[in-house]
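Here's the letter readout for the chains.
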Amino acid sequence: MPEINILPKEVYQLIAAGEVVERPSSIVKEMIENSVDAGAKNITVEIKNGGTTYIRITDDGCGIEKEQVKKVFVSHATSKIKYSDDLNSIGTLGFRGEAMASISAVSRVELLTRTADEEIGTRYEIEGGEEKAFADAGCPSGTTIVVRDIFFNTPARMKFLKKDVTEGNSVAGIVDRMAISHPDIAFRFIRDGKQTLVTSGNGNLKDTVYSVLGREFASSLIDVDYNAHNMRVSGVVTKPSASRKSRAMQYFFINSRLVKSQTAMAALEQAYKNSIMVGRFPGCVLNIECDKAFVDVNVHPAKIEVRFANERPVFELIYYGVKNAIETGDTPKEAHLPERRERPLQQTASGRLDFFIREEDKPQQMEFKQKSEPNKFWQVAASTGDNIYKGDVKTPENIPGVTVIDSKSIDRLQTKDTASPIKEETLEIKESEVDIPDFRVIGEAFKTYIIVEIDNSLYLIDKHAAHERMNFEKLKASAKINSQLLLTPVAVRLSKEEYSAVCDNLELYSKCGFLIEDFGNSSVIVRECPSMLDNEKIEDLIIETAGKLLEGKTDITPEQMDWIFHSTSCRAAVKAGDYTSPYERELFVKKLLSMPDIRYCPHGRPVMIKLSKYDIEKQFGRA
């Protein structure tokens, strides 16, 4: 049998240090947390060579009394807790009493500290766990810790460190996260002699986010402040239009402690559902304030993973908090035209400067005229001058079977070729809906975008996206979805797997306004459907939703039924390229403006884009 050995102090200290000190950023995180716990209002972090050779952290916290200094570097020595019950309600960032002992075991550490009550400070040096110096020193109140030559006594660990740039970036990330979690503390970060970050410490989260994450991110933020279940979530989230391709800008804090939480992440992204495109992710800086006994932070050596006594209230807190923030704080996407460029100047032979316009920049002159035939429309080509026949002029007088009554009747006239799929009942406006601003419909571009003037701005409305969202909201809001009995039931042939999935979820379809019966032989019969649907779109919709059911989306709740509503509302919406009369456009815009919460289609695309008068005038040199 192998002999059981009791490890000497220097060995078990190195083993313990390996759990806490992985790289320079681990050291920076532990020491900043100590500064925060000490009540510091100003913290300076300086590193060299990515922190592998030099780390200095200075704070103006409470400091350490001289007789307590040596205890700082003893294992299991801490001022944060005293009894076992204290672990049930941890309110500080640090609590284990292992960090400084582990750091001193693998590096050379120098500490300078003084409390406000002491006239002179203390200087203490320790290398590889061995004391080197202990004496009085002059220093300001607070604490300064310098860490040099990480892993100098464990060269095997050194080769696992990455390049200085990579390690420095990791340290910078720690400083960034600590800064945004404590906007009331002024942080300063110096990297290889260059100051790369300064925060004001004025307590304003948006100011700190601006300093840490940049202007672009800060300009897209919406405030969040919500209370539920004796908890509070506060912070900022990005507008749906400012979504990103990764989750890198998602920061969650529990009582100002940085954490990773799948529950928080899922709640955040669920709140953005139907407002953000697939494959895009929101950004956030959210802090959850809750009872200390509700969360267990003693799960992981890095203290970044936590457990909640109950995950459900946390999910609901974040979901409804973020959802409310988006609905009240988001605005239509605003387009900004590029700066107008002056035309180049060309010097003539006489020395005079003239504006020079390239031939390809000249606008094409198009001439339209009506030839001798009264009901024929011709266009003169700009390049050749040839007359091109464009077809008959369609006026009320020469359309067979049309009787002109008044101007509104003309607007609503439709021929078979230009019939609009918009059903007027979907554009009904409830009396309880909000006041509608004054607007003027200018026209429609490309049979897709309705152009509207409101105040001093133009709005381009994607009629398909907007109509799709109107239908979607109507379906979700209905206690009972209005269905229509089909004169001719629609038979849908499915694969064996799709057929089984649909037959197993007939109740789900019923909740969404469909009456479907098993027809046998891998087929089903649709006898009723939501009234907004046309018959020819039903088969494709059933096939599509059957595919979704095969993915396991079978929970019958309003949120889980969204994907069926997506498909239904999309197929019932007017399509890009469909004809819409001036009357319909007017009614359409009025309905949309009566629903200010509609900013995105269910797939996350914006329904309208705002273009200010100022941006337009800049292009013409008027502003």
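Residues numbered from 1 in each chain as written. Predicted model: local features only at pLDDT ≥ 70, side-chain atom pairs only at ≥ 80, totals over all residues. Heavy atoms only, no water.

S.K.: What is the right way to look at the sheet that holds strand β4 (residues 121-127) in this model?
M.R.: Sheets are built from strands that pair by backbone hydrogen bonding, the pairs being arranged parallel or antiparallel. Pairing is mixed across the open sheet formed by eight strands, whose spatial order is β5-β4-β3-β6-β2-β1-β7-β8. Since the sheet does not close on itself, it has two edges, and those belong to β5 (130-137) and β8 (194-198), each with one partner. Strand-to-strand twist of the sheet, defined as the mean angle between neighbouring strand axes without regard to direction, takes the value 10°. In the packing of helix α2 (residues 24-37) onto the sheet, contacts are made with β1 (42-48), β2 (54-59), β6 (142-148) and β7 (186-191), and the angle to β2 comes to roughly 10°. (Pairing = 2+ DSSP bridges. Helix = DSSP H or I, 4+ residues; strand = E, 2+ residues; numbered from the N terminus. Axes fitted to C-alpha atoms, helices over the stretch in contact; angles between N-to-C directions. Contact = heavy atoms within 4.5 Å.)

S.K.: Just checking my understanding: could you explain the sheet that holds strand β10 (residues 231-238) for this structure?
M.R.: If you walk across this open sheet you meet the five strands as β9-β10-β13-β11-β12, and the pairing is mixed. Edge positions in the sheet fall to β9 (221-228) and β12 (257-259), since each of these pairs with one other strand and no more. Strand-to-strand twist in this sheet, taken as the mean axis angle between neighbours without regard to direction, amounts to 20°. Pairing of strand β11 (residues 250-254) with β12, which is carried by three bridges, proceeds in the antiparallel orientation. Bridging from a neighbouring strand, Phe-253 pairs with Leu-258 of β12. In the packing of helix α5 (residues 164-181) onto the sheet, contacts are made with β11, β12 and β13 (284-289), and the angle to β11 comes to roughly 55°.

S.K.: When you look at α2 in this model, what are you seeing that I'm missing?
M.R.: Every α-helical turn comprises 3.6 residues, leaving residues that sit three or four positions apart pointing alike. The end-to-end C-alpha separation of α2 is 20 Å, in line with the 20 Å expected for 14 residues at 1.5 Å each. Taking burial as the measure, the 14 residues of α2 include 12 buried ones, the bulk of the element. For α2, the set of buried residues is Pro-24, Ser-25, Ser-26, Ile-27, Val-28, Lys-29, Glu-30, Met-31, Ile-32, Glu-33, Ser-35 and Val-36. Note on α2: the residue one or two positions beyond its end, Gly-39, has a positive phi of about 80°. (Expected span 1.5 Å × (residues − 1). Buried < 20%, exposed > 50% of the residue type's maximum accessible area, 1.4 Å probe, protein only.)

S.K.: Whenever I open this one, a nonpolar patch on the surface confuses me. Can you help?
M.R.: Together, Phe-446, Tyr-449 and Leu-460 make up a nonpolar patch on the protein surface, roughly 340 Å² of accessible area in all. For Phe-446, the location among the structural elements is in the loop between β22 (440-445) and β23 (449-454). The exposure class assigned to Phe-446 is exposed, which follows from its relative accessible area of 73%. (Patch = residues over 30% accessible without salt bridge, like charges linked within 9 Å, V, L, I, M, F, W, Y side chains within 5 Å. Areas by Shrake-Rupley, 256 points an atom, 1.4 Å probe, with all protein chains shown as cover. Salt bridge = Lys/Arg side-chain N within 4 Å of Asp/Glu carboxyl O.)

S.K.: How do you make sense of the pairing of β1 when you look at a structure like this?
M.R.: Judged by how many residues are buried, β1 sits mostly within the fold: five of seven residues are covered. Of the pairings in the sheet, the one linking β1 to β7 comprises six bridges and is parallel in character. Directly across from Ile-47, in β7, lies its bridge partner Arg-191. In this sheet, β2 lies alongside β1 in antiparallel orientation, the contact comprising six bridges. Across the sheet, the residue bridging to Thr-44 is Thr-58, located in β2. Hairpin geometry of β1 and β2 is characterised by an intervening segment of five residues between the two adjacent antiparallel strands and by a positive phi of about 55° at Asn-49.

S.K.: Please clarify how the packing of α2 against α5 should be interpreted in this entry.
M.R.: Here α2 crosses α5 at 25°, and the two axes come no closer than 8 Å. By the angle between their directions, the pair α2 and α5 is classed as roughly parallel. Crossing hand, α2 versus α5: right-handed. Contacts from Pro-24, Ser-25, Val-28, Lys-29, Ile-32, Glu-33 and Val-36 in α2 reach Glu-167, Ser-170, Val-171, Ile-174, Val-175 and Met-178 in α5. Of the residues in the contact of α2 with α5, the class split is eight nonpolar, two polar and three charged. (Parallel < 35°, antiparallel > 145°, perpendicular 65-115°, else oblique. Left-handed = near helix turned anticlockwise from the far one by under 90°. Nonpolar A, V, L, I, M, F, W, Y, C, P; charged D, E, K, R; others polar.)

S.K.: Looking at this model, I keep getting lost on the packing of helix α12 (residues 496-503) against helix α14 (residues 538-550). Mind explaining?
M.R.: Packed helices, taken two at a time, are described by the angle between their axes plus the distance between the axes. Direction vectors running N to C along α12 and α14 enclose 85°, while the axes themselves pass 9 Å from each other. With respect to α14, the axis of α12 lies roughly perpendicular. Two secondary-structure elements touch here, α12 through Glu-497, Glu-498, Ala-501 and Val-502 and α14 through Ile-543, Ala-546, Leu-549 and Leu-550. Its residues assigned to classes, the contact of α12 with α14 comprises six nonpolar, no polar and two charged.

S.K.: Mind showing me how you'd approach the confidence of the model for the protein here?
M.R.: Detailed conclusions should not be drawn from predicted coordinates in areas where pLDDT is low. With 70% of its residues at a pLDDT of at least 70, the protein reaches an overall mean of 76. Residue range residues 355-362 is modelled with pLDDT below 50. Its contacts to residues more than four positions away, or to other chains, number eight contacts. Under a pLDDT of 50 for its full length, residues 366-390 has, in the predicted model, 42 contacts with residues more than four places off or in other chains. (pLDDT = per-residue confidence, 0-100.)

S.K.: Please clarify how the environment of Ile-150 should be interpreted in this entry.
M.R.: Note that Ile-150 resides in the loop between β6 and α4 (155-158). Separated by 98 residues in the primary sequence, Ile-150 and Thr-52 place their C-alpha atoms 5.6 Å from one another. Beyond its immediate sequence surroundings of up to four residues, Ile-150 is in contact with Pro-24, Ile-27, Gly-51, Thr-52, Ile-55, Val-106, Ser-107 and Met-158.

S.K.: It is not clear to me how the packing of aromatic side chains should be interpreted in this structure. Could you clarify?
M.R.: Per the stated rule, a full pass over the model turns up six aromatic pairs. Between Tyr-509 and Phe-514, the ring centres sit 6.0 Å apart and the planes meet at 90°, which makes this aromatic pair edge-to-face. Linked through ring pairs, Phe-73, Tyr-124 and Phe-134 together constitute an aromatic cluster. Across the ring face of Tyr-54, the terminal group of Lys-48 is positioned such that the distance to the ring centre comes to 4.8 Å. (Phe/Tyr/Trp six-rings, centres within 6.5 Å; stacked < 30°, edge-to-face > 60°. Lys NZ or Arg CZ within 6 Å of the ring centre and 35° of its normal.)

S.K.: Looking at this structure, I do not really get the pattern of salt bridges. What am I missing?
M.R.: For side chains bearing opposite charge, pairing can occur when the charged atoms are close. Applying the stated criterion across every chain, the model contains 22 salt bridges. The closest approach of N and O atoms between Lys-29 and Glu-33, which form a salt bridge, is 2.8 Å. Separated by four residues within a single helix, Lys-29 and Glu-33 lie in helix α2, roughly one turn from each other. The pair formed by Lys-29 and Glu-33 is uniform in burial state, with each residue classed as buried. Residues Lys-613 and Glu-617 are paired through a salt bridge, measuring 3.9 Å at the closest nitrogen-oxygen approach. Here Lys-613 and its partner Glu-617 are both found in helix α17 (residues 613-619), four residues apart, which amounts to about one turn of the helix. Residue Glu-617 is classed as partly exposed on the basis of its relative accessible area of 24%. Connected through shared salt-bridge partners, Glu-110, Arg-123, Glu-125 and Arg-148 make up one network.

S.K.: What am I meant to see in the pairing of β9 here?
M.R.: Every regular strand shows the same layout, with side chains that alternate between the two sheet faces. With eight bridges connecting them, β9 and β10 associate as antiparallel partners. Following the sheet pairing, Tyr-226 is matched in β10 by Val-233. As consecutive antiparallel partners, β9 and β10 are separated by two residues, and within that stretch His-229 has a phi angle of approximately 55°, a positive value.

S.K.: Explain α12 here, please?
M.R.: Here α12 has its buried residues at Glu-498, Tyr-499, Ala-501 and Val-502. Relative to the axis of α12, the buried residues are bounded by an arc of 165° and lie together on one face. Looking at the buried residues of α12, the elements they touch are α13 (506-511), β26 (515-520), β27 (523-530) and α14. (Arc of directions from axis to C-beta.)

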